[in-house]
Structures are given as structure tokens and as C-alpha cells.
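# Structural overview for review
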There are 2 protein chains.
Amino acid sequence: MANLKQLAQSLGLSITTVSRALDGYADVSAATRERVREAADKVGYRPNASARRLRRQRAELVAVTLPSDPGHIGPPHFLDMLSGCAEHLAAAGLNLVIAPVPRGESELDICRRFVDGRRVDAMLLVRTKRRDERVEFLQSRGIPFVTNGRTESLLPHPFIDGDGFAGFRAATLRFHATGHRRIGHIAGPQEYYFAHDRCCGWRAAMEECGLATDLCAEGAPLEQGGYLAALELLRQPSRPTALVCATDEMAIGALRALREVDGGNQISIVGHDDLPMGAFTSPPLSTMRMTGENLGASFASLLLRAIAGEPAEELQELHAIEFVDRDSHRRPLKAA
Amino acid sequence: MANLKQLAQSLGLSITTVSRALDGYADVSAATRERVREAADKVGYRPNASARRLRRQRAELVAVTLPSDPGHIGPPHFLDMLSGCAEHLAAAGLNLVIAPVPRGESELDICRRFVDGRRVDAMLLVRTKRRDERVEFLQSRGIPFVTNGRTESLLPHPFIDGDGFAGFRAATLRFHATGHRRIGHIAGPQEYYFAHDRCCGWRAAMEECGLATDLCAEGAPLEQGGYLAALELLRQPSRPTALVCATDEMAIGALRALREVDGGNQISIVGHDDLPMGAFTSPPLSTMRMTGENLGASFASLLLRAIAGEPAEELQELHAIEFVDRDSHRRPLKAA
DNA sequence: CTTGACTCCCAAAACGTTTTGGAGAATCTT
DNA sequence: AAGATTCTCCAAAACGTTTTGGGAGTCAAG
């Protein structure tokens, strides 16, 4: 209800003075400052956001684009991450808007709308593709952004990512060390960087061990995709004895395929993401997780630093992957 | 880069004319309108959002507050709903910002900040409590809002909700009809309307059948909560033969408890939410779901109509609950 | 020729803030 | 006591849009 003009009038002061008093400038006396603040509190004055944004030439907004393909948004706990990010951005006066991609438009259109309409100060990109047109566009426009996941872009850009290559290589080698030789991989869509990265890690390990890399099936990054991919691998003449799955959701789908085909308990399996759900599957799902806590806060911090103008090279976080030991990776290995 | 003034100058027209040409007013000739539009396209002109918002006295933003307790945000697919909502809001020129509640602040504080700072045109409230202070505040301020879930507020307000009472009553009666007599309920936190509603439905059915209502345990609306609650019920001298669970996540936790205690396959179980995951549990989880598709679009529509000033009474949607028949509700019932 | 209606355009006033560039009074310096 | 400095405060100019209230022309009817 109250704006600066009314507040100033009621105090017999100028708009300027009231504004500066509230912002804590030194060129207004302590006495007036107090008086202004009290009055503002009493009236419940809040500066009009639009007016400030216009004057300051800042949108006070960050947008995150959400792919519209179901399941391509990210793991179920993804909203928790966004929530954490939004919380920390809010502490710096920024709000997080979610920008899903409507049918018939590309993610690029969305970026364009937000950037060219000066609707945002920065953008957050999730589920990066190996070659990601959004990244190239934002780089050309020079607007700050951070991605969740690396890309193969030539120019460096800020990102947070897990070292999927190392994680999946290690998981595969772990199976090899316990005697497995036919280790399959259930891969996500290879245009996504994370899926490709994890697949490469598996393949690298297999090659290091002198094993064939044909036990690989690709599917959508959801339960159903993992289910179908697992069925495909189980149809092979010589079945895998262990499965490394790109995501926990795919692993849970694969678990069902195993139950259907051999009653379960024959084939070891490991996923990635550490879904809470994994502790409640049968058998409990061994998995991997990115180290580091409060991912959302890290994203917020990187976004703020990108807005502040820090160079991209200093805004790249590659986190190690750690193994989460439950039970599903430890099925008894029968002699081949 | 380009603003209206520059565009007007380059065309030798006034700002007014350019503005009105782009907005398609009739009082600018078709010829000029075309000329202006072409020029605007070429320069890639987009109106400055902050300026328009200030002038129009509209924030072009809707906020959704997210509870910060983990697991209290809603089911895992909740982000999909938000995404759908945001998509339809965007078609009307509104963006959806997510407003998590930081530590040390209440949900009320957040509402206050958004409303009093005139940062939003409307709000979306999720996980309503039976007596919800946010609802009361927004009603007192007269700002449009829609809730996901009913409340016990005396004044009517717009909402979308599932008829949990009817759904849980029906599920309980279904168990009774197939011979079950000891039917337990795993309840969510009773301060939430949805949890209380579902619990009441179960209790009503039990009383109709002349059965005792002591087989009820409450827990957090997550796998772990369901797990602990199920263990509690299984510790009773006479165990339940069937379990009606407030959410699928709780049901999945309960499934693990059943496996641990009696090897599973003894006790029938049903959840609510129709998580995709439910098709992949062992046994596949029978569940319930709210009828109606594209919930997000419904929320968006209600929000827009609330902003347009439609009375609350016309903006209330109570959806029927339908049963999703998988397998977990059909365990063999041994003679007691 | 006047009147009225219509077409096409524009100047100027908002919207509510922040910031610039002082102005006047009080205090300090010399 | 004059000049310099410091304290307080303020008028006015932005920021980029939309909208109000006309102002010229043109044309047809009276």
C-alpha cells in the first residue's frame, strides 16, 4: 500500500532521504535514520520490486530451464536441489523461476526469451547435452550461467558435475576384482553428457581388463528404460553376471527384469544417484553418489559469482563419486 | 540492447506509435504496423520486462512456497506438476518462481515478503495444513491464490484436491469385502489435511464394518516413515493382514518392513500417488491416484481465473480417487 | 462551407525506485 | 573571521514501458 512518496510525506522528509535512510547510507543522520526505519516498520513498507528492478537494471531473477520430456528433468530429488539453490539465491535477493519448455518450442527459444527480454540476471541449465545449443547461445550473449553437467563446448563455462567416468570405471573394476567377467552396462541416452561420460567410464574399465564391450544397452533414464534395456541384455546368449546402471531409476527397472527372468538374486547390480528409495528395494540397491553436500547451495554460490563477473575457469566443480555399499552388488557369483 | 526509444527513432516514429503498433492496436495503420513489426523482428526487440511490470502494476510472477522439511514438499513427481503449471502460466505471460522456506523463517514470512513487496500476482500453496496460517494471511490480504489440498479455513478458497476420504474408505471396504478384518493404516503427519483426510476415510470404513481402529501408526511421509510405522504395527499382538498407506513412498518403506519380518507375501498393501516406481517394486504396488490429467494445467487455469477475479467458490476442484490394480493388495489371506 | 466522423499519429504523464550533483547549515582550521 | 570541511538533506533525472488525452489531416454528409 505504502510507497516511498507517502512515507516521505508522512515524515516531512524528501523521497531521497527516506530511500537512503532505509538503505543505511551514512549521509543521513542516525536520528533520522531511526525515525525513518521505525515509521517504515510500522507501515510495513516494502520497496516495490518492479520499480527497483527497472531502476537498478537488474531482474533479480534467475531462471532454470526444465526439459519437458518426462524423466529427462532429472532424478526425483532434483526439486530438493532446486529448492536449496533458490533458498541461497533468495538470501542474495534473487528469486529462482522455473522455465519449462512448452511443446513446439526449443530450449533455445526459452533462453532467448528470458535473456533478450532482460527477464533474468543469470540462467541455470540442467541435463546438459554433449553439444548443447543453449550453452553456445548464452556464451554468445555473454550472460552469466551455470550448468549442471559438463558439455563438449570449446569455450570453458561454469559447471558442477560428478566425475561419472571415474565412478563408473571404478565400479566396473570393482566387479572385475570380485571375479566378474561379463559386466554389462545399462546406459542412458548418449546425447546427454552424463550418460555418455558414465558409459565411457564403463567401457574404459572393460578395455583395461581386456573384456569385450558389447554388453551395453541404452534406454530412457527411467525405470521403464532400465527394465527394457535389462531384458535386452538378458536375452544375450551369454548373460552378464553384473550390471552397472547409469541411474538408480534404471537400476530399479532392471531389478524387476532380473526378478522376472531368473527370479532375481543371480545378477549383481549397481546404480547411481543414491535415491532414498534405493534403501528400500529388494535387494537394497548399491549405488554411487556425488560427494559434497548441499548441491543447491553450490549452484547458488556459483551463480552469484558468475553474476559478479568471475571468469568461467574458476567456476568449475568436478566432484568425486563415492560408492554406496548396500547389497545388490554382492550377488553370489557362480562359476561360469 | 534495443529499447522502444531507439526503435522509434530509427523508424522516424514516436514511442507511442511503436508501442501501440507492436501491441496490435487499431489506431495505427496496417502499413506502419507491418513496418514496425518487421523492424522490431530484425533488431530482435523485446520489451523490458521490469519496465512493463512497473507501468502495468503487475508482477507477471506467481510464487509457489516449498516447505523445507525433506519429504514434505510432496511426491517425487511433484516437480513435473510444477513444470506443467509453469508451462501454462507462461502462455499467459506469467512465470513461476519457487520460494523455499529458509531456516529460521516461517512459510508465513515468505508469503509476506512476496505479497507486500508486490513481487507476485498470485501464490500457489502446497501441502496445506488443516489449519493453515498462510491461507489465513493471503485471505486477509485479498491476494489471489490456489492451494494444493483443502484446509479447514472458514472462508472458502480456491483449491485442487483429491477426495482422499472416499478413496481410503473405498480401499478399506475393498479389503473388508475380500475377507480382511485386521486392516491397518499407515498415516502421514496429521496436521496435513491430506493425511488427516485419508486417515478419516480409513477410520470411517472400519467403523462402518464394526472393526476396531487401533491398528494405526503415524510417520513421516517418506519411505523411512512408512518403514518404522509398519514395524510398529507388526509388533502388535495380532498383526494386521492388510495395510492401507497414506502415500506410495510410505508403502514402499512398509514393503521392506514386511520383507524383514515375515519374508513378505503375507500381508496385502495399498498406497496412494501412483508413483511410476510402484510398478517396479516387489510385489508391484497397488495404489490409488487422483483422476484428471495434467494437474499442472488445472492449477495454472485456476490461478489465472483467480487473478481475473472469479469468486473462490467457483474455483474448487475435488477429484475422485481411482484404484490402480497391481498386485500388492492381493496377498493370500490365511484363516485367522 | 461547415460539421462531424474517422484515421493516424504524438507529447506528456504516469509507475516507484535509486542515484547524481549539489545546497545550506554547522563545525573545524588557520 | 574567513575559508575549508563535514553533516544533513533535497530536487531532479533517470530506468523503459503503457496509457491518456488530444491534434492534425481526410472525407462524406448536411
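As the structure is a prediction and not an experimental result, all values here were calculated from the model. (Residues numbered from 1 in each chain as written. Chains lettered and ligands numbered in written order. Predicted model: local features only at pLDDT ≥ 70, side-chain atom pairs only at ≥ 80, totals over all residues. Heavy atoms only, no water.)

## A few points about the protein's contact with DNA strand D
Thr16, Thr17 and Thr32 of chain A together with Leu4 and Arg55 of chain B are the nearest of the 25 residues found near DNA strand D. Within 4 Å of the protein, the contacting atoms of DNA strand D are drawn from sugar and phosphate to the extent of 58%. Take Thr16 of chain B: an N or O atom from its side chain is 3.4 Å from a base oxygen of DNA strand D. Listed by contribution, the elements that provide at least two residues to the surface near DNA strand D are α2 (15–22) and α4 (49–56) of chain A together with α2 (15–22) and α4 (49–56) of chain B. (Near = heavy atom within 4 Å. Polar contact = N/O pair within 3.5 Å; in protein donor to acceptor, adjacent residues only side chain to side chain. Helix = DSSP H or I, 4+ residues; strand = E, 2+ residues; numbered from the N terminus.)

## Notes on the domain arrangement of chain A
Residues and elements named next belong to chain A. By the assigned domains, chain A splits into domain 1 (4–47), domain 2 (61–162 + 292–319) and domain 3 (164–291 + 322–330). In total, about 1,700 Å² of surface goes out of reach between domain 2 and domain 3, with carbon and sulfur atoms giving 60% of it. A salt bridge links Asp197 to Arg150; the nearest nitrogen and oxygen atoms lie 2.8 Å apart. With three residues, strand β5 (residues 159–162) is the largest single contributor of residues to the side of domain 2 that touches domain 3. (Domains from an automatic or database assignment. Buried area = accessible area lost by both parts, 1.4 Å probe. Salt bridge = Lys/Arg side-chain N within 4 Å of Asp/Glu carboxyl O.)

## Considering the pairing of strand β3 (residues 122–126) of chain A
Residues and elements named next belong to chain A. A large share of β3 lies buried, amounting to five of its five residues. Every second residue of β3 is oriented toward a common face, with Ala122, Leu124 and Val126 on one face and Met123 and Leu125 on the other, all of them buried. In terms of strand pairing, strand β1 (residues 61–66) meets β3 through four bridges, oriented parallel. Each bridged residue has a counterpart across the sheet, and for Val64 the counterpart in β3 is Leu124. Relative to strand β4 (residues 145–148), β3 runs parallel, the two sharing four bridges. Across the sheet, residue Val126 finds its bridge partner in β4, namely Asn148. (Buried < 20%, exposed > 50% of the residue type's maximum accessible area, 1.4 Å probe, protein only. Pairing = 2+ DSSP bridges.)

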